[in-house]
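Understanding the architecture of this molecule
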Amino acid sequence: MPERSFPIRYLAPVLLLSVAAALGGCSGGDFGRARDDVRNDDMHRWIGAEATSSVGLRPSQFQLTDLERQLRDLAYPLIEPPLSRPAWRTVFGDYGTIASPWRQTPVFDRTAYGRTLIDEPHRSHSSRYSQLIEDVRDDINRFELFYATAIKVIELDRKRDASLSHMSELSPREHADAVARMQENSLIVQWVHACLERRVSSYRWGLERLVLQAPDPMAADADRLIGELAAQTANPPVQAAPVIGAPAVTKG
């Protein structure tokens, strides 16, 4: 029976898929999940350390409570700017740390989200509106989840603070770690609030440019959702005691 031969043009797609799969296995987990060597229970612990170190404070050496860990896990998708990852990075499960707003330079650019939304290839202008609506709606859902945890964490920190003066044989190191943890938690809530203000500003700029370039009835739904997120952000259900002044919100 004669041997079969396949032209190179038929093999190329298969080879490309094999290479892509191999790269995906090296740089990320399956289907966009973070690698196993990155994913762990305390994978977002760095958020507290970044917040405190960025304003010249030391992080606490206490282990995270379940609620404190959850606070950091829920904070991450709100402090990561929307549309900040190219598609290939999302596919390959790339994960990285983020500088706190007190350390970031240059000052936040409110036009970045809208320019990315408009410049990225889309099937139609309506898909851009759909992306904007989806991003805002996701943030509204994340807002509720994050602040439900923040309320509990801040309330427990108030009780922790009140108990410090009644502790027996409290060492200076224990006192410093307790204060540092309360500062960490407050800064994380403050960090998320600043990012929400930035998102509202970014979404509004993006919607204005979409309406300018491609008017569509979907703009009304987007405007309503942005208004809802703005109202929630302006009146959060809990406010952490400020450890430092709020970072700059907008540029341009």
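Residues numbered from 1 in each chain as written. Predicted model: local features only at pLDDT ≥ 70, side-chain atom pairs only at ≥ 80, totals over all residues. Heavy atoms only, no water.

**Re the confidence of the model for the protein**
We count it as follows: Values of pLDDT, which run from 0 to 100, indicate the predictor's confidence residue by residue. Helix and strand assignments follow DSSP, with helices taken as H or I runs no shorter than four residues and strands as E runs no shorter than two, numbered in order from the N terminus. Residue contacts are counted whenever heavy atoms from the two residues lie within 4.5 Å of one another.
Per-residue confidence for the protein averages 81 on the pLDDT scale, and 74% of its residues sit at or above 70. At the level of individual helices and strands, the protein shows its lowest average pLDDT in helix H4 (residues 87-91), which scores 39, and its highest in helix H8 (residues 218-234), which scores 98. Ignoring residues within four places in sequence, the model shows residues 1-37, a span with pLDDT below 50, making 25 contacts including any to other chains. Below a pLDDT of 50 lies the segment residues 86-93, which in the model reaches 17 contacts outside its immediate sequence neighbourhood of four places, other chains included.

**Here's the deal with the packing of helix H2 (residues 46-53) against helix H7 (residues 172-213)**
Helix packing geometry: the angle between the two helix axes and the distance between the axes. To be explicit about the condition: Angles shown run from 0 to 180 degrees and are taken between the N-to-C directions of axes, each axis being a line fitted to C-alpha atoms and, for helices, limited to the stretch in contact. By the definition adopted for this analysis, an angle is roughly parallel if under 35 degrees, roughly antiparallel if over 145, roughly perpendicular if from 65 to 115, and oblique otherwise. Residues were grouped as follows: Ala, Val, Leu, Ile, Met, Phe, Trp, Tyr, Cys and Pro as nonpolar; Asp, Glu, Lys and Arg as charged; and all remaining residues, including Gly, as polar.
Direction vectors running N to C along H2 and H7 enclose 90°, while the axes themselves pass 9 Å from each other. Viewed along their axes, H2 and H7 adopt a mutual orientation that is roughly perpendicular. Touching Trp46, Ile47, Gly48, Ala49, Glu50, Ala51 and Thr52 of H2 are Glu184, Leu187, Ile188 and Trp191, all from H7. Of the residues in the contact of H2 with H7, the class split is seven nonpolar, two polar and two charged.

**Observations concerning unusual backbone geometry**
Note the following rule: Partly exposed residues are those whose accessible area sits between 20% and 50% of the maximum for their type, while under 20% is buried and over 50% is exposed, using a 1.4 Å probe and protein chains only.
Positive phi values are uncommon outside glycine, yet Glu169 reaches one of about 55°. Tracing the sequence through the fold places Glu169 in the loop between helix H6 (125-163) and H7. Classification of Glu169 by relative accessible area gives exposed; the value is 80%.

**Notes on the environment of Ala148**
By secondary structure assignment, the location of Ala148 is in helix H6. According to the relative accessible area criterion, Ala148 is partly exposed, its value standing at 40%. Considered as a pair, Ala148 and Val238 are 90 residues apart in the sequence and their alpha carbons are 9.1 Å apart.

**Description of the nonpolar core**
So the rule is basically this: Residue types Ala, Val, Leu, Ile, Met, Phe, Trp, Tyr and Cys, when buried and joined through side-chain atoms within 4.5 Å, form a set referred to as a nonpolar core.
Grouped together as the largest cluster of nonpolar side chains are 44 residues, with contacts concentrated most on Ile79, Leu132, Val136, Phe146, Tyr147 and Trp191. Contact partners of Tyr147, with chain neighbours within four places excluded, come to Val189, His193, Leu196, Pro236, Pro237 and Val238.

**Describing the environment of Leu164**
Within the secondary structure, Leu164 sits in the loop between H6 and H7. In sequence terms Leu164 and Ala178 are 14 residues apart; their C-alpha atoms lie 8.5 Å from each other. In this structure Leu164 touches Leu170, His175, Ala178, Val179 and Met182, once residues within four positions along its chain are discounted.

**Here we look at the packing of aromatic side chains**
The following threshold applies: Aromatic contacts are taken between Phe, Tyr and Trp rings whose centres are within 6.5 Å, Trp giving its six-membered ring; a plane angle under 30 degrees counts as stacked, one over 60 as edge-to-face, and the others as tilted.
Tallied over the full model, the rule gives four aromatic pairs. A ring pair is formed by Trp46 and Tyr76, whose centres lie 6.1 Å apart and whose planes are at 85°; its orientation type is edge-to-face. One end of the pair, Trp46, is in helix H2; the other, Tyr76, is in helix H3 (residues 66-79), and 30 residues separate them in sequence. As far as the burial class goes, Trp46 and Tyr76 line up, both buried. Ring centres of Tyr113 and Tyr203 lie 5.0 Å apart, and the angle between their planes is 80°; this geometry places the pair in the edge-to-face category. Of this pair, Tyr113 sits in helix H5 (residues 112-119) while Tyr203 sits in helix H7; the two residues are 90 residues apart in sequence, bridging distant segments of the chain. For Tyr113, a relative accessible area of 4% translates into the label buried. Grouped by ring-pair contacts, the aromatic residues Phe143, Phe146 and Tyr147 constitute a single cluster.

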